[in-house]
Amino acid sequence: MTHIEFGTPPTLPPTNGYSHVASVAPGSRLVWTSGQVPIAADGTPAAAGDWEAQTRLVMQNVGAALEAAGAAWEHVFKLTIFVVDTSALPVVRAVRDEFIDLERPPTSSLVQVAGLFRPDILIEIEAVAAVPVGPLSP
């Protein structure tokens, strides 16, 4: 048994790059990130209107937040994605798929919002991860 088990039961509709459920083994250390936006550490934003660049920078920022807490993408079991428009969902998914394990995709929620904290920001993503801290049960 791994420390995170993902499932997509046949009693729920088919998914597109996410799992319906995830369960975390006892003894795992949980890590939550704040919502990350497409602004680099030096304050430079990704190009306004560029879904691919904004999504990539957001995913990189989530990865940096995870790393700061001793976690990695392989430990993520939940993503929440906030977008101002769902028309770019294929681009968002394609970039997301560069970071997650497609064989064990995290559970996900996608929320369309009226706007984010700045008008040039198109996307915000937060993650929840579980890091194993001891021997796993068989």
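Everything that follows concerns the structure shown earlier in this document.
Residues numbered from 1 in each chain as written. Predicted model: local features only at pLDDT ≥ 70, side-chain atom pairs only at ≥ 80, totals over all residues. Heavy atoms only, no water.

Draft legend 1. Just empty space enclosed by the protein, in detail. For the coordinates displayed, the defined rule picks out one cavity of 30 Å³ or more. Every residue along the wall of the largest cavity is listed here: F6, W73, E74, V76, I100, D101, R104 and P106. Here the lining of the largest cavity is composed, by residue class, of five nonpolar, no polar and three charged. (1 Å grid on protein atoms, 1.4 Å probe; cavity = no way out; pocket = protein on both sides within 12 Å on 5 of 7 lines; lining within 4 Å. Points joined across faces, edges and corners; volume = space filled by probe spheres on them. Nonpolar A, V, L, I, M, F, W, Y, C, P; charged D, E, K, R; others polar.)

Draft legend 2. Seen up close, the environment of D97. Positionally, D97 belongs in the loop between helix 2 (89-96) and strand 5 (107-112). For the pair D97 and D50, spaced 47 residues apart in sequence, the C-alpha to C-alpha distance is 18 Å. (Helix = DSSP H or I, 4+ residues; strand = E, 2+ residues; numbered from the N terminus.)

Draft legend 3. Here's a closer look at helix 2. Here helix 2 has its buried residues at L89, V92, V95 and R96. Axial view of helix 2: buried residues confined to an arc of 130°, hence all on one face. Residues of helix 2 that are buried in the fold lie against helix 1 (51-68), strand 4 (76-83), strand 5 and strand 6 (123-131). (Buried < 20%, exposed > 50% of the residue type's maximum accessible area, 1.4 Å probe, protein only. Arc of directions from axis to C-beta. Contact = heavy atoms within 4.5 Å.)

Draft legend 4. Region of the structure containing the pairing of strand 5. Where strand 4 lies against strand 5, six bridges are found, and the strand directions are parallel. Across the sheet, F82 pairs through a bridge with V111, a residue of strand 5. (Pairing = 2+ DSSP bridges.)

Draft legend 5. Representation of a nonpolar patch on the surface in the model. On the surface, a cluster of nonpolar side chains totalling about 300 Å² of accessible area is made up of V24, L30 and W32. Considering the arrangement of structural elements, one finds V24 in strand 2 (residues 21-24). Exposure remark for V24: the relative accessible area of 31% places this residue in the partly exposed category. (Patch = residues over 30% accessible without salt bridge, like charges linked within 9 Å, V, L, I, M, F, W, Y side chains within 5 Å. Areas by Shrake-Rupley, 256 points an atom, 1.4 Å probe, with all protein chains shown as cover. Salt bridge = Lys/Arg side-chain N within 4 Å of Asp/Glu carboxyl O.)

Draft legend 6. View of the nonpolar core. Core analysis: the largest hydrophobic core is formed by 24 residues, its most contacted members being W73, I123 and I125. Broken down by secondary-structure element, the contributors of at least two residues to this core are helix 1, strand 4, helix 2 and strand 6. (Core = buried A, V, L, I, M, F, W, Y, C linked by side-chain atoms within 4.5 Å.)

Draft legend 7. Quick look at the pattern of salt bridges. Under the counting rule described, the total for this entry stands at four salt bridges. Between E98 and R56 there is a salt bridge, and its shortest N-O distance comes to 2.6 Å. Within this pair, whereas E98 is found in the loop between helix 2 and strand 5, its partner R56 is found in helix 1, the two being separated by 42 residues in sequence. Each of E52, R56 and E98 takes part in one network of salt bridges that share partners.

Draft legend 8. Structural view of the packing of helix 1 against helix 2. It is at 9 Å that the axes of helix 1 and helix 2 come closest, and there the two elements cross at 35°. Here helix 1 runs over helix 2; the crossing is right-handed. Within the contact between the two elements, helix 1 uses W51, E52, T55, R56 and M59 and helix 2 uses V91, V92, V95 and R96. Looking at the contact of helix 1 with helix 2 residue by residue, the class counts come to five nonpolar, one polar and three charged. (Axes fitted to C-alpha atoms, helices over the stretch in contact; angles between N-to-C directions. Left-handed = near helix turned anticlockwise from the far one by under 90°.)

Draft legend 9. Local environment of the sheet that holds strand 6. On the basis of which strands lie adjacent, the open sheet formed by four strands has the order 3-6-4-5 and mixed pairing. A strand with exactly one partner marks an edge of an open sheet, and here the two such strands are strand 3 (29-32) and strand 5. Strand after strand, the sheet turns through a mean of 10° between neighbouring axes, direction not considered. With four bridges connecting them, strand 3 and strand 6 associate as antiparallel partners. Each residue of the ladder has a partner; that of L30, found in strand 6, is A130.

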